[in-house]
Amino acid sequence: MDLSYTEEEQEFRTRLRAWLAKVLPELPARPSPDDWPGRRAYDLGWQRRLYDAGYAGLHWPVDAGGRGATPTQHLIFLEETERAGAPYVGANFVGLLHAGPTIAAEGTAGQRARWLPPVLRGDEVWCQGFSEPGAGSDLASLRTRAVRDGDAYVVTGSKIWTSHAEVADWCELLVRTDPAAPKHRGISWLAMPMDAPGVTVRPLRTLAGSAEFAEVFLDEVRIPVDNRVGAENDGWRVTMVTLSFERGTAFVGEVVACRRTLSRLARTAKENGCWDDPVLRRTLGRLYGEFGALWRLTQWNVSASQRSGGVPGAGGSVFKLAYSHARQELYEAAAAVLGARSLSLEEEWTAERLSSLSYTIAAGTSQIQHDIVAERILGLPKGR
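These numbers come from a predicted model, not from an experiment.

J.: Describe the overall build of the protein, and please don't skip the residues or the numbers.
T.: Counting secondary structure elements, the protein contains 11 helices and 8 strands. Sorting the 384 residues of the protein into buried and exposed places 50% on the buried side. Carbon and sulfur atoms make up 53% of the accessible area of the protein, which totals about 17,900 Å².

J.: Describe the pattern of salt bridges, and please don't skip the residues or the numbers.
T.: Evaluation of the coordinates by the stated rule reveals 19 salt bridges. In this structure, Asp169 and Arg40 form a salt bridge, with 3.0 Å as the shortest nitrogen-oxygen distance. Of the two residues, Asp169 sits in the loop between strand E3 (152-159) and strand E4 (170-176) while Arg40 sits in helix H2 (residues 36-53), which places them 129 residues apart along the sequence. The partly exposed category is assigned to Asp169, whose relative accessible area is 26%.

J.: Kindly report on the nonpolar core, identifying the contributing residues and their values.
T.: Grouped burial of nonpolar side chains is what soluble globular proteins tend to show. Core analysis: the largest hydrophobic core is formed by 69 residues, its most contacted members being Trp46, Trp126 and Phe291. If you tally residues by element for this core, the top one is helix H9 (residues 315-338), at 9 residues. Dropping the residues within four chain positions of it, Trp46 is found in contact with Trp19, Leu20, Val23, Leu24, Leu27, Ala86, Pro87 and Tyr88. Among the nonpolar cores identified, the runner-up in size contains 22 residues, and Leu190, Val199, Leu218 and Val225 belong to it.

J.: How would you explain the packing of helix H1 (residues 7-23) against H2 if you had to name every residue and give the values?
T.: The N-to-C vectors of H1 and H2 enclose an angle of 135°; their axes lie 13 Å apart at closest approach. Taken together, H1 and H2 sit at an angle that is classed as oblique. Here the hand of the crossing between H1 and H2 comes out right-handed. Across the interface between the two elements, Trp19, Leu20 and Val23 from H1 touch Trp46, Arg49, Leu50 and Ala53 from H2. Residue classes in the contact of H1 with H2 are distributed as 6 nonpolar, no polar and 1 charged.

J.: Any details on the pairing of strand E5 (residues 187-193)? Residues and values, ideally.
T.: Along E5, 7 of the 7 residues are buried, which leaves the element largely enclosed by surrounding structure. The alternating pattern of E5 places Ile187, Trp189, Ala191 and Pro193 and Ser188, Leu190 and Met192 on opposite faces, both of which are buried. Relative to E5, E4 is paired through 7 bridges, and the arrangement is antiparallel. By the bridge assignment, Leu174 is partnered in E5 with Trp189. In this structure, E5 lies alongside strand E8 (residues 228-229), joined through 2 bridges in antiparallel fashion. Of the residues in E8, the one forming a bridge with Trp189 is Val229.

J.: Go over the packing of H2 against helix H5 (residues 109-121) with me, naming the residues and quoting the values.
T.: For the pair H2 and H5, the least separation of the axes is 7 Å and the interaxial angle reads 105°. The angle between H2 and H5 places the two elements in the roughly perpendicular class. Contact residues: H2 offers Gln47, Arg48 and Tyr51, while H5 offers Val119, Leu120 and Arg121.

J.: So what's going on with H2? Residues and values would help.
T.: If you check H2, its first and last C-alpha atoms are 26 Å apart, about what 18 residues at 1.5 Å a residue would give, namely 26 Å. Of the residues making up H2, those classed as buried are Trp36, Gly38, Arg40, Tyr42, Asp43, Leu44, Trp46, Gln47 and Leu50. Buried-residue contacts for H2 involve H1, helix H3 (71-83), helix H4 (93-106) and H5. Looking at where H2 begins, the residue whose side-chain oxygen comes 3.0 Å from the main-chain nitrogen of Gly38 is Asp35. The first or second residue beyond H2 is Gly54, which carries a positive phi of 85°.

J.: Go over the packing of aromatic side chains with me, naming the residues and quoting the values.
T.: The tally for this structure, following the rule as stated, stands at 8 aromatic pairs. Measuring from centroid to centroid gives 5.5 Å for Trp115 and Trp170, while their planes differ by 70°, and the two rings are edge-to-face. Residue Trp115 is located in helix H5, and its partner Trp170 is located in strand E4; the two are separated by 55 residues in the primary sequence. You can call Trp170 buried: its relative accessible area is 11%. Three or more aromatic residues joined by ring pairs make a cluster, and in this case those are Phe12, Trp19, Trp46, Tyr55 and Phe77. The side chain of Arg39 reaches across the aromatic face of Trp36, ending 3.9 Å from its centre. It is Lys270 that lies over the ring of Trp275; its NZ or CZ is 4.9 Å from the centre.

J.: Just give me the short version of the environment of Ile103, but keep the residues and values in it.
T.: Here Ile103 lies in helix H4. Taking the C-alpha atoms as reference, Ile103 lies 9.0 Å from Thr242; in sequence the two are 139 residues apart. Apart from residues no more than four positions distant in its own chain, Ile103 is found in contact with Gln111, Arg112, Trp115, Leu116, Trp126, Trp189 and Val229.

J.: Give me the environment of Ala211: which residues, what numbers.
T.: Structurally, the position occupied by Ala211 is in the loop between strand E6 (199-204) and strand E7 (213-224). Residue classification places Ala211 among the buried positions, given a relative accessible area of 11%. Setting aside residues up to four positions removed in sequence, Ala211 forms contacts with Trp36, Glu166, Leu204 and Arg205.

About the cut-offs
Residues numbered from 1 in each chain as written. Predicted model: local features only at pLDDT ≥ 70, side-chain atom pairs only at ≥ 80, totals over all residues. Heavy atoms only, no water. Helix = DSSP H or I, 4+ residues; strand = E, 2+ residues; numbered from the N terminus. Buried < 20%, exposed > 50% of the residue type's maximum accessible area, 1.4 Å probe, protein only. Areas by Shrake-Rupley, 256 points an atom, 1.4 Å probe, with all protein chains shown as cover. Salt bridge = Lys/Arg side-chain N within 4 Å of Asp/Glu carboxyl O. Core = buried A, V, L, I, M, F, W, Y, C linked by side-chain atoms within 4.5 Å. Contact = heavy atoms within 4.5 Å. Axes fitted to C-alpha atoms, helices over the stretch in contact; angles between N-to-C directions. Parallel < 35°, antiparallel > 145°, perpendicular 65-115°, else oblique. Left-handed = near helix turned anticlockwise from the far one by under 90°. Nonpolar A, V, L, I, M, F, W, Y, C, P; charged D, E, K, R; others polar. Pairing = 2+ DSSP bridges. Expected span 1.5 Å × (residues − 1). Polar contact = N/O pair within 3.5 Å; in protein donor to acceptor, adjacent residues only side chain to side chain. Phe/Tyr/Trp six-rings, centres within 6.5 Å; stacked < 30°, edge-to-face > 60°. Lys NZ or Arg CZ within 6 Å of the ring centre and 35° of its normal.

Quick look at the structure:
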């Protein structure tokens, strides 16, 4: 991995900075956190600006509608947009970071042509229908059934922790198509239209008071067989592709955000006198080193995924495991700096602290990540 920048990459950074400086002041005010239709419109409006400027799907393959940019250009884009305070992907994150890359890697030419351009243009939002109330971290224990009926599957069951389901157009859905097969071999990956008859969405309110998750109930929902990505009963393999993106590259922008938060936290500590505490200074110094190392690991993972055809490998689990714990430590340190202010939900960092508690669970628990690292990287025997 070459960590230096070429002249072309430096020119790319300069052009991007100039574009951001021009366009960001033109953005409308951010909507209220509880205004999900407004947040959808805001996030998709930003995506459309990226698309019109040629920055949408920067690292996606050209045949998937992207620009086929190098890993370094992708990371420069993340650095510069975060440095400038540009909007994140927001409500569009499942489509851009999970479903879209999966369809680009595993979908047919017709599926790529149907679903990828609307994601890149900011026309459609996706949500993820993987987790179920009774399955926990054992994703392969899902019980949502899909019965073949001619050219459609009839789906019945329920999903939980479905991000942005209330404003989504499509859902990447895991279903059991062969209940007699071993649990990892009877699963299929479907694209479900959220306006299909029989789909009911019930928002869930989180500890931080937000409602970006939902329960989704499916009552004999008909989904065309043509909406299946991959072969029937091969959904577990396709799911591993999705999860490799979720764990391997979907958090990279947040590492940059955490490094910026850490700098703000140090400034706040100096302003309110907390900087005199040597324990706090050591904590912030160690976190500075950890997030620096995570950024280097990000560069390595993105480079490795590019060499392997664009699909991240098991190294993403190392990143996800380390990042989720470092993020929690960052916001614990923020609570120490803020003092009593950290008890108010009006404080931005308080909401982030509460959100950080989910990171050792979301996208696979830390226990699951430990197992993946042990078995797939270290070659240790499978646990019982």
